[in-house]
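# A structural walkthrough
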Amino acid sequence: MNKLILVNLKMYQSTKEEVDNYLNNLKESPVIFFPSVIYLEKFINHGFVCGCQNISINDPGAYTSEISAKSIKDMGAKYVLLGHSEIRQNLSETDESINLKIKKALDNNLKPILCIGENYEEYTQMMTKIIIKRQIEKALKDITEEVIISYEPVWAIGTGKTPTNNEIEDILNYIKSLFNYDVKVFYGGSVSKDNINELNKIKNVDGFLIGKAGLDTSSLEKIIEVVSK
Ligand code: 13P
């Protein structure tokens, strides 16, 4: 499989004009986009493969403000990001709710991408493997279907800092060893046009999950150029 590039646009874009300009500036590309849910349909109508940044644990019903997996699937999305550290931190997401969401995604034929990663204190205490093993075991409890993993150290997100290639390679090998199938594992956290040449040398990485750098279409094109070589 060629390496994949995923762009998590978080809540960066906030006007229709901004989104239209962004879409008009993007060349046709093999990137998978995770836009704000209100712009999801625009991206899909533009011909891009897309995913959603979160879903409800509930089926359609009396759940004010929530968004069902069924509606996301019906809109044409293929993937859903689950367990992103910003949701764990800001919206009190737990491993247990992530587990329910993964089940809901699979029931609705959405491919779940489970985000895992340690914080800085855990990193300095060399606890990364313990933390991510626990996150994986809890999030995937009673799940036998295949999922995708994105390793995103919390301390690397939006900071300009990244682990070394050797550290990432070691963790990705460890993650892969926890599965009895050929699990795809991405790296995310401060991937940019300036470090993609280096990060792309990591041997066992199946792709990159990009945040801020994906907002700038010329940076994104540079990243695509390097990764698809
Ligand atoms: P940054 O690339 O902005 O560090 O964000 C990474 C991320 O959170 C992708 O989900």
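Please refer to the structure higher up on the page.
First things first, this report covers the structure right here in the doc. What you are looking at is a predicted structure, and each value in this text was computed from that prediction instead of being measured. (Residues numbered from 1 in each chain as written. Predicted model: local features only at pLDDT ≥ 70, side-chain atom pairs only at ≥ 80, totals over all residues. Heavy atoms only, no water.)

In this section: the packing of aromatic side chains. Any two aromatic rings considered together are summarised by their centre-to-centre distance and by the angle between their planes. With the rule as written, the count across this model stands at nine aromatic pairs. Between the aromatic rings of Tyr120 and Tyr123, the centroid separation amounts to 5.9 Å while the plane-to-plane angle is 35°, which identifies the pairing as tilted. Placement of both Tyr120 and Tyr123 in helix H6 (residues 120–124) is noted, with a separation of three residues, approximately one turn of the helix. Members of the aromatic cluster, connected to one another through ring pairs, are Tyr22, Phe33, Phe43 and Phe48. (Phe/Tyr/Trp six-rings, centres within 6.5 Å; stacked < 30°, edge-to-face > 60°. Helix = DSSP H or I, 4+ residues; strand = E, 2+ residues; numbered from the N terminus.)

In this structure, Phe33, Phe43, Ile102 and Ile175 are the most contacted members of the largest nonpolar core, which totals 62 residues. The contact partners of Phe43, leaving out residues within four places of it in the chain, are Leu9, Gln13, Val19, Tyr22, Leu23, Phe33, Pro35, Phe48 and Cys50. In this structure, Leu6, Phe34, Ile148 and Phe186 belong to the second largest nonpolar core, which totals ten residues. (Core = buried A, V, L, I, M, F, W, Y, C linked by side-chain atoms within 4.5 Å. Buried < 20%, exposed > 50% of the residue type's maximum accessible area, 1.4 Å probe, protein only. Contact = heavy atoms within 4.5 Å.)

Looking now at the pattern of salt bridges. One pass over the full model with this rule turns up 14 salt bridges. Between Glu86 and Lys10 there is a salt bridge, with the nearest N and O atoms lying 2.8 Å from each other. Here the residue Glu86 occupies a position in helix H4 (residues 85–90), and Lys10 occupies one in the loop between strand S1 (4–8) and helix H1 (16–25), the gap between them amounting to 76 residues. With its nearest N and O atoms 3.2 Å apart, the salt bridge here joins Lys27 to Glu221. Pair noted here: Lys27 is in the loop between H1 and strand S2 (32–34) and Glu221 is in helix H10 (residues 217–227), with a separation of 194 residues, a long-range link. A relative accessible area of 55% means that Lys27 is categorised as exposed. A residue is classified by how much of its surface remains accessible, and Glu221, at 28% relative accessible area, is partly exposed. (Salt bridge = Lys/Arg side-chain N within 4 Å of Asp/Glu carboxyl O.)

Before going further, it helps to spend a moment on the packing of helix H7 (residues 128–139) against helix H8 (residues 165–177). Where H7 meets H8, the closest approach of the two axes is 11 Å, and the angle between their N-to-C directions is 35°. Where H7 crosses over H8, the two elements pack in a sense that is right-handed. Counting all contacts with H7, which are made through Thr128, Lys129, Ile132, Lys133 and Ile136, the residues of H8 involved are Asp170, Ile171, Tyr174 and Ile175. Residue composition of the contact of H7 with H8, by class: five nonpolar, one polar and three charged. (Axes fitted to C-alpha atoms, helices over the stretch in contact; angles between N-to-C directions. Left-handed = near helix turned anticlockwise from the far one by under 90°. Nonpolar A, V, L, I, M, F, W, Y, C, P; charged D, E, K, R; others polar.)

The next subject is the pairing of strand S4 (residues 79–82). Alternating positions in S4 separate into two faces, Tyr79 and Leu81 on one and Val80 and Leu82 on the other, with burial throughout. Here strand S3 (residues 49–52) pairs with S4 via two bridges, running parallel. Within S4, the position partnered with Cys52 by the bridge is Val80. Regarding topology, helix H3 (residues 69–75) serves as the crossover connection from S3 to the parallel S4, and that connection is right-handed. Bridge count for S4 against strand S5 (residues 111–116) is four bridges, and the pairing is parallel. Counted as the bridge partner of Tyr79 is Lys111 from S5. (Pairing = 2+ DSSP bridges. Right-handed = clockwise from strand over helix to strand, strands pointing away.)

By themselves, these figures tell us nothing about what the structure is for.
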